[in-house]
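Coordinate analysis (summary)
Here's the letter readout for the chains.
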Amino acid sequence: MAAFEFRSPYLLSLTFLLLLLLVLSFSPFNKSSFSLINLSSSSSKTPSVPLHSNLTSSNQYVSPSPSPSPSQSHSQSQPPFPSPPTSIVADHVKEKSNTSQIEEQLAGARAAIHEAVLTKKYTSDRQEIYIPRGSVYRNPYAFHQSHIEMVKTFKVWAYREGEVPMVHDGPTTYLYSIEGQFIFEMERGPSPFMANHPDEAHTFFLPLSVSKITDFLFRPHQETFFHRLGRVFTDYIHVVQEKYPYWNRSGGADHFMVSCHDWASLIQRDDPKPYKNLIKVLCNANISEGFKPTRDVSIPEYNLKRYELGPPRFGLPPDNRTVLAFFAGAAHGDIRSILFEHWKEKDDEVRVYEKLPKTINYHKIMGQTKFCLCPSGSEVASPRVVEAMNAGCVPVLISDSYAIPFADVLNWSEFSIQIPPKRIPEIKTILKAVPHKRYLKLQKRVMQVRRHFELNRPAKPFDVFHMVLHSVWLKRLNIRLPDKF
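Described below are features of the structure shown in this document. (Residues numbered from 1 in each chain as written. Predicted model: local features only at pLDDT ≥ 70, side-chain atom pairs only at ≥ 80, totals over all residues. Heavy atoms only, no water.)

1. As for the sheet that holds strand β10 (residues 394-398)
As a general point, the strands of a sheet are linked pairwise by backbone hydrogen bonds and lie either parallel or antiparallel. The strand order across the open sheet formed by five strands is β8-β7-β9-β10-β11, and the pairing between neighbours is parallel. In this open sheet, the two strands that pair with only one neighbour each are β8 (350-353) and β11 (417-418). Sheet topology places strand β9 (residues 369-375) next to β10; five bridges connect them, and they run parallel. Paired with L373 across the bridge in β10 is V396. In the packing of helix α9 (residues 333-343) onto the sheet, the strands contacted are β7 (323-328), β8, β9 and β10, and the crossing angle to β8 comes to about 125 degrees. (Pairing = 2+ DSSP bridges. Helix = DSSP H or I, 4+ residues; strand = E, 2+ residues; numbered from the N terminus. Contact = heavy atoms within 4.5 Å. Axes fitted to C-alpha atoms, helices over the stretch in contact; angles between N-to-C directions.)

Below, the structure written as structure tokens:
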């Protein structure tokens, strides 16, 4: 048989073209299509990963043991906010790097606190205006170093979604004033704790105001208000959950809200699931209503007048105080009812009033009193705790199920008296049994610790604003985000 030959030039050209296409299809220069398919399959929605937590079993100081160092395999720098990611690969690497960097910062803070506890020395790169010392602190060395690390490191991102009056606004007077004061200090300062980009933040603030929501939505349909209150909060969480990755990576454990309203604990009544890990910073820190000291933060209550950050001070020296005990306030709640039953205008040394006579100045008589009674009212918190300290009067806490503010740092037994409600009939006996030497120590410590309850605008180190943030900081130190989510 004769050999096969290409006799037509058209057939020869067609054969050559087919061979060229075959070679190019296996060329290493043609791999982009395969990589894109692999990336698309790996970049699908990641299932939620449980949060690795290291919560303490009681309301104690953060464990000094540092968490394991996060992976450092991705250290690529990120573009400034709000530049979009340049590629799928770069975004994935950047996201892991941000989380690792945050955890490395927190691990360094834990190590510094641990070192301060061991050496009983603090380390700071600036001059300290106050050195916490003494028995009013559970561990003054740990607290001081923790405060240093917080000021140096801690960043908060306040979500910008939402509009006034229910978001980015709050009351600055009356009983719920700390709620608005905190929101304004964070968002309108500008606060040095505010992050420039959410990727830099250690925690995330939900700037809703229960007080403003109540003012705006309570009427005319009061019967459905609590359902609508919960819906406002839950809807806001769903918005940030869908729009950003931060809530999903922690299950909300690095997010917090602040409220001083009595009804703040009711936001989770209809749908508790979104609030399982959320840090609730509340005045009404009632353990019987779901407040958890290992997760949540208790803050003091204030009763501020317009254009004031605190009442006037008329405190006399301790040896010049002639009134044993004093209280004046409305008959709210069972505890005050018992107090009035036994002591209302019945004793010259234990002076209890439902309505203070016009001839008596409320703040001046506090300054003349040794022990100021602070019974719970409709809710567990009372502004009289702060008012007592402001007057240099030893606070007498009378409450049930109350998680006392800043108890993770402060040793309340060293500057206050606590009397259970069932012992209200014994108030005079209990207080007169306190030796004078013991009273002088209590009063001196009140004068020392009241700096942590002072409200300043702008905020100052160790004041109440810093104490609130420090409590949130401690909660954040006690959790660790997963490296991948």
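The structure having been displayed, the exposition proceeds.
2. Some points on the nonpolar core
L373, L410 and I427 are the most contacted members of the largest nonpolar core, which has 113 residues in total. No other element matches the nine residues that helix α14 (residues 464-477) contributes to this core. Formed by twelve residues, the second largest nonpolar core is a distinct cluster that contains A328, Y353, I365 and A391. (Core = buried A, V, L, I, M, F, W, Y, C linked by side-chain atoms within 4.5 Å. Buried < 20%, exposed > 50% of the residue type's maximum accessible area, 1.4 Å probe, protein only.)

3. A look at the packing of helix α4 (residues 140-153) against α14
It is at 10 Å that the axes of α4 and α14 come closest, and there the two elements cross at 90 degrees. In terms of axis orientation, α4 runs roughly perpendicular to α14. Packed against α4, whose contacting residues are F143, S146, H147, E149, M150, V151 and T153, the element α14 presents H466, M467, L469, H470, W473, L474 and L477 at the interface. For the contact of α4 with α14, the class distribution of residues is eight nonpolar, five polar and one charged. (Parallel < 35°, antiparallel > 145°, perpendicular 65-115°, else oblique. Nonpolar A, V, L, I, M, F, W, Y, C, P; charged D, E, K, R; others polar.)

4. Side note on the side chain of N284
By secondary structure assignment, the location of N284 is in the loop between β5 (279-282) and β6 (297-298). For N284, a relative accessible area of 5% gives the class buried. A distance of 3.3 Å separates the side chain of N284 from the backbone oxygen of D262, its partner in a polar contact. If we ignore the near neighbours within four places in the chain, the residues touching N284 are H261, D262, S265, E289, E379 and V380. (Polar contact = N/O pair within 3.5 Å; in protein donor to acceptor, adjacent residues only side chain to side chain.)

5. A look at the state of the cysteines
With the rule as written, the count across this model stands at two disulfides. Across the disulfide from C372 sits C393; the S-S distance is 2.2 Å. Disulfide C372-C393: torsion about the S-S bond near 115 degrees, hence right-handed. Placement of C372 in strand β9 and of C393 in the loop between α11 (384-390) and β10 is noted, with a sequence separation of 21 residues between them. Judged by relative accessible area, which is 0%, C372 ranks as buried. Taken in sequence order, the bonded cysteines of the protein chain link in the pattern 1-2, 3-4. C372 supplies the cysteine sulfur nearest to C374, a cysteine that is in no disulfide, at a spacing of 6.5 Å. (Disulfide = S-S within 2.5 Å.)

6. As for the pairing of strand β4 (residues 255-259)
Taken across its five residues, β4 has five buried, putting it largely inside the fold. Residues H255, M257 and S259 of β4 are buried on one face, and the alternating residues F256 and V258, pointing to the opposite face, are buried as well. Relative to β4, strand β3 (residues 203-205) runs parallel, the two being bridged by two bridges. The residue of β4 that forms the bridge with F205 is F256. Here β4 pairs with β5 via four bridges, running parallel. Its bridge partner lying in β5, S259 is registered against L282.

7. A short note on the sheet that holds β5
Strand order in the open sheet made by the five strands is β2-β3-β4-β5-β6, with parallel pairing throughout. Of all the strands in the sheet, the pair left with one neighbour each is β2 (156-158) and β6. Two strands pair when backbone bridges link them, and β5 and β6 are joined in this way by two bridges, in the parallel orientation. Paired with V281 across the two strands is V297, which belongs to β6. The strands touched by helix α5 (residues 177-187) within the sheet are β2, β3 and β4, with β4 carrying the most contacts at an inclination of about 130 degrees.

8. Things to note about the pattern of salt bridges
This structure, assessed with the given rule, holds 14 salt bridges. Put simply, E128 and R126 hold a salt bridge, and the shortest N to O gap is 3.6 Å. For E128, a relative accessible area of 12% puts it in the buried group. For R126, a relative accessible area of 33% gives the class partly exposed. A salt bridge links K428 to E349; the nearest nitrogen and oxygen atoms lie 3.0 Å apart. Within this pair, whereas K428 is found in helix α12 (residues 427-432), its partner E349 is found in the loop between α9 and β8, the two being separated by 79 residues in sequence. According to the relative accessible area criterion, E349 is partly exposed, its value standing at 31%. (Salt bridge = Lys/Arg side-chain N within 4 Å of Asp/Glu carboxyl O.)

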